[in-house]
Amino acid sequence: MTTVHQRQPVFFISHGGGPWPWMPDYLNSVYANLAQSLRGLLNTLPQRPKAILMISAHWEAPEFTVQTALQPDMIYDYGGFPAHTYQVHYESSGSFELAKRVVELLEQANIQVATDAQRGYDHGMFSPMQVINPDADIPVVQLSLKKGLNPEQHIALGRALVALRDENILIIGSGLSYHNLRMFNAHAAEPSRAFDQWLYETVVEHQGNERNERLNRWELAPAARVAHPREEHLLPLMVAVGAAENEQGIRNYHEDHFMGGLSVSSFALGEIN
């Protein structure tokens, strides 16, 4: 007997900085609101997912590349944090079945795809997943961004992955709605607010081709290049939108005093509880 699953929604999450879930002073103060939104994420789903496909801002490759390791190592891709944060482990397994299915779908869509059996989990994956699912009992596979960071190509990537949602796979784009490390303070309050408002209007108030077009021209948004001097933390949103391009978006996390004054947001697309 075939199990009938409801279509899973798609998420773009702001994943925070470095290994913050393993730093209680941060977890319970600066990151308290973000942590609350991530902790509740699985409860908003129609059913528990079979596996998660994570598109992280912290992996770029010449072609879209799928992680195939069954027990991925950890990549401590951050600096200046306490010594214990270079020993942390998020123990979820990979999924050869999901990796194979992603390759199949991208090939069907005539999108060049590669695989990588050595690639480990980066903090764009393991930091939010430590909060989303601390039991680490749902397999997670990472999928890279493509160098060049072309919005249209990443929307098309998401479009090619839509079938996964009906196969009980959860797709999460993991980035940050504001990512300018040289202006990560109160001086960024106004530009981050202006860009965040544009992002809200784009994802929530538009759908389909209109939303895609706005995202393709994101550099014309207010304070765009202040918010994202380099757009790798925005591109996971393009994948999420592509995987739900004709569906309603909602903002499921927002605060305007993050890290001393930043406006940051996360979004869900499709039906959530």
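Look up: the structure comes first, before these words.
Criteria and cut-off values
- Residues numbered from 1 in each chain as written.
- Predicted model: local features only at pLDDT ≥ 70, side-chain atom pairs only at ≥ 80, totals over all residues.
- Heavy atoms only, no water.
- Helix = DSSP H or I, 4+ residues; strand = E, 2+ residues; numbered from the N terminus.
- Buried < 20%, exposed > 50% of the residue type's maximum accessible area, 1.4 Å probe, protein only.
- Contact = heavy atoms within 4.5 Å.
- Polar contact = N/O pair within 3.5 Å; in protein donor to acceptor, adjacent residues only side chain to side chain.
- Phe/Tyr/Trp six-rings, centres within 6.5 Å; stacked < 30°, edge-to-face > 60°.
- Salt bridge = Lys/Arg side-chain N within 4 Å of Asp/Glu carboxyl O.
- Axes fitted to C-alpha atoms, helices over the stretch in contact; angles between N-to-C directions.
- Parallel < 35°, antiparallel > 145°, perpendicular 65-115°, else oblique.
- Left-handed = near helix turned anticlockwise from the far one by under 90°.
- Nonpolar A, V, L, I, M, F, W, Y, C, P; charged D, E, K, R; others polar.
- Pairing = 2+ DSSP bridges.

A. Examining the environment of His179 more closely. Looking at the secondary structure, you find His179 in the loop between β6 (169-175) and α7 (189-205). Judged by its relative accessible area of 14%, His179 falls in the buried class. It is 26 Å that separates the C-alpha atoms of His179 and Asp73, two residues lying 106 residues apart in sequence. Among residues more than four places away in sequence, those in contact with His179 are Phe184, Ala227, His228, Pro229, Glu232 and His233. Among the polar contacts listed, one links the side chain of His179 to the side chain of His233, at a separation of 3.4 Å.

B. Layout of the packing of aromatic side chains. Under the counting rule described, the total for this entry stands at twelve aromatic pairs. Taking 6.3 Å as the distance between ring centres and 65 degrees as the angle between the ring planes, the aromatic pair formed by Tyr76 and Tyr78 counts as edge-to-face. Taking the centre distance of 6.4 Å and the plane angle of 75 degrees together, the rings of Tyr76 and Phe126 count as edge-to-face. Taken together, the residues Tyr76 in the loop between β3 (64-67) and α3 (96-108) and Phe126 in helix α4 (residues 123-132) connect sequence positions 50 residues apart. Tyr76 gets classed as partly exposed once you look at its relative accessible area, which sits at 26%. Using a relative accessible area of 0% as the deciding quantity, one classes Phe126 as buried.

C. View of the pattern of salt bridges. Scanning the entire structure with this criterion turns up 18 salt bridges. Glu232 is the salt-bridge partner of Arg230, the closest N and O atoms lying 3.2 Å from each other. If you follow the salt bridges from partner to partner, you end up with Arg7, Arg165, Asp166 and Glu247 in one network.

D. Broad picture of the packing of helix α5 (residues 151-160) against helix α8 (residues 208-216). As a packed pair, α5 and α8 sit with axes 9 Å apart at the nearest point and diverge in direction by 140 degrees. One finds that α5 runs oblique with respect to α8. Judged by the sense of rotation from one axis to the other, the crossing of α5 with α8 is right-handed. Residues Pro151, Glu152, Ile155 and Arg159 of α5 form the contact with α8, whose participating residues are Asn212, Leu215 and Asn216. Per-class residue counts for the contact of α5 with α8 are three nonpolar, two polar and two charged.

E. Region of interest: the pairing of strand β8 (residues 262-269). Of all the eight residues making up β8, eight are buried; the element is thus mostly covered by neighbouring parts of the structure. Both faces of β8 are covered, namely the face carrying Leu262, Val264, Ser266 and Ala268 and the face carrying Ser263, Ser265, Phe267 and Leu269. Across seven bridges, the pairing between strand β7 (residues 249-258) and β8 is antiparallel. The residue bridging Ile250 from the neighbouring strand is Ala268, located in β8. The hairpin formed by β7 and β8 contains three residues between the paired strands, and Met259 there has a positive phi angle of roughly 50 degrees.

F. View of α4. The element α4 is largely enclosed, with a buried count of nine among its ten residues. Considered for burial, the residues of α4 that qualify are His123, Gly124, Met125, Phe126, Ser127, Pro128, Met129, Val131 and Ile132. In this structure, the buried side of α4 is in contact with β1 (10-14), α2 (32-39), β2 (51-61), β5 (140-146) and β6. Where α4 starts, the residue carrying a side-chain oxygen 2.9 Å from the main-chain nitrogen of Gly124 turns out to be Asp122.

G. Looking closely at the side chain of Ser127. Note that Ser127 resides in helix α4. Ser127 sits in the buried class, given a relative accessible area of 0%. Those residues in contact with Ser127 that lie beyond four places of it in its chain are Gly18, Pro19, Trp20, Pro21 and Trp22.

H. A look at unusual backbone geometry. Here Asn110, not a glycine, exhibits a phi torsion of approximately 60 degrees, which is positive. For Asn110, the location among the structural elements is in the loop between α3 and β4 (113-116). The phi dihedral of Leu149 is positive, around 50 degrees, even though this residue is not glycine. Position of Leu149 relative to the elements: it lies in the loop between β5 and α5. We classify Leu149 as buried; its relative accessible area is 5%.

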